[in-house]
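One letter stands for each residue in the lines below.
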Amino acid sequence: MGSGWQDAPLFGPGAGLLARGAVSKSPVLKALTIFSGNANRDLAKAICAYVEVPLGNAEVTRFADGEIYVEINENVRGVNCFVVQPTCAPANDNLMELLVMIDALKRASAGSIVAVIPYFGYARQDRKSKPRTPISARLVADLLTAAGVNRVLSIDLHAGQIQGFFNIPVDHLYAMPVLIEPLKQRISSDAVIVSPDAGGVERARAYSKRLGTSLAIIDKRRPAPNVSEVVNIIGDVKGKDAIIVDDMIDTAGTVCAAAQAIKDKGARSVHAVASHGVLSNPAIERINASPIEELIITDTIPPRPEILACKKIRVVSVAKMVGEAVKRIHHGDSISSLFI
């Protein structure tokens, strides 16, 4: 009789047990794998480069009728799996891709599944703003939980209370540390941070505190979705370098109207920063025609060629920040320092 793993019985008593002193020949499993859907593969690859792991091998394709098909082409049993997938346009396709990938990993016995959603779609529908309207952000949270996700990592949710829509841990990062560095190179000591609406005052105050500037607020009315009008400016902007701070810019109607109102009040220059550059049409045309000298956005949403070609828009990456969060989550370390 030999004394090796080959001599262990395959069936019956002691099946699967190694002989004493034998060494298992099974491959060593990776403890961490990062997968990506089709929404923002460039960001996923940049995160993998920071974490120093290869991008997970998964195919996300379509049937002829448009149904999404996912196949995980590597062993993930017991592995901590991170799925990078912002639910940006096309929002419904990208959301469904994320749900199907989570289901595939769950059925492959993944150790844990973390949905890394840099841009959380449907976040604007976080309450009943009118009678007989949905709270779609809660619906998306329920879908993710039902699919089998164990944790969610996102950046600058449109409303912080969305964290409470989940019954699982949610790590809510802020893009401010990434956006604030290029701002320091462009503003003078006599600058003012401007919130484009009352809801963004807390965010603008955080920038103002970090940069040591004054604060102003736009009193805005929104008669219809993607339509806004400036009513008043609270605070002094005359002769100052104004920086409009927002979480997302969609059609750019709000930020461009705010920029024009600030310029009309005598501001020396107008800049803008936003965590998520949705920039739906006709955003680029509006920005080019506005007094905004520079708009800084992140790559939570993959920038389209026309965005990269716009001389007024600068894109900075959140890959290192997200990568650091992934490493700390994987090792069970605190990520509270990333919330600052």
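For the structure, check the block above.
Here the residue index of a chain counts from 1 through its sequence in written order. Reporting of local features is limited, given that this is a predicted model, to residues whose pLDDT is at least 70; pairs of side-chain atoms are given and counted only at 80 or more, and all residues count toward the totals for whole chains, interfaces and linings. Note: side-chain values were computed over all heavy atoms of the structure, leaving out hydrogens and water.

Asks: Any chance you could explain the nonpolar core here in plain terms?
Replies: Looking at soluble globular proteins, one finds that nonpolar side chains tend to be buried together. Only buried residues count toward a nonpolar core. Its members are Ala, Val, Leu, Ile, Met, Phe, Trp, Tyr and Cys residues joined through side-chain atoms within 4.5 Å. Each residue's exposure class comes from its accessible area (1.4 Å probe, protein chains only) as a fraction of the maximum for that residue type: buried when under 20%, exposed when over 50%, partly exposed otherwise. Ranked by size, the top nonpolar core spans 41 residues in total, and within it I34, I47, F82, Y207, V322 and V326 carry the most contacts. With six residues, the top contributor of residues to this core is helix α9 (residues 319-331). Residues contacting I34, with those up to four places away along its chain left out, are I47, C48, V51, V53, P54, L55, G56, F82, V84 and V326. V140, A147, V152 and I162 belong to the second-largest nonpolar core, a separate cluster that totals 37 residues. Numbering goes from the N terminus for both helices and strands, where a helix is a DSSP run of H or I of at least four residues and a strand is a run of E of at least two. For this analysis, residues touch if any pair of their heavy atoms sits within 4.5 Å.

Asks: Where do I start with the pattern of salt bridges in this structure?
Replies: Any Lys or Arg side-chain nitrogen found within 4 Å of a carboxyl oxygen on Asp or Glu counts as a salt bridge. With the rule as written, the count across this model stands at 11 salt bridges. With a shortest N-O distance of 2.9 Å, R124 and D250 are connected by a salt bridge. One end of the pair, R124, is in the loop between β5 (112-117) and α3 (136-147); the other, D250, is in the loop between β11 (241-249) and α6 (253-264), with 126 residues separating them in the sequence. Taking the shortest distance from any N to any O, the salt bridge between D126 and R127 comes out at 3.0 Å.

Asks: Help me out: how do you make sense of helix α2 (residues 91-107) in this one?
Replies: Any helix carries an expected span of 1.5 Å times its number of residues minus one. For α2, built from 17 residues, the straight-helix expectation of 24 Å at 1.5 Å per residue is met to within 8% by its first-to-last C-alpha distance of 25 Å. Within the span of α2, buried status applies to N94, L95, E97, L98, L99, M101, I102, A104 and L105.

Asks: Is there a simple way to explain α6 in this structure?
Replies: Residues spaced three or four apart along an α-helix face the same direction, because each turn holds 3.6 residues. Between its first and last C-alpha, α6 extends 16 Å over 12 residues, near the 16 Å set by a 1.5 Å rise per residue. When α6 is considered as a whole, its buried residues turn out to be T254, V255, C256, A258, A259, A261 and I262. Directly beyond the C-terminal end of α6, a positive phi value near 100 degrees is found at G266.

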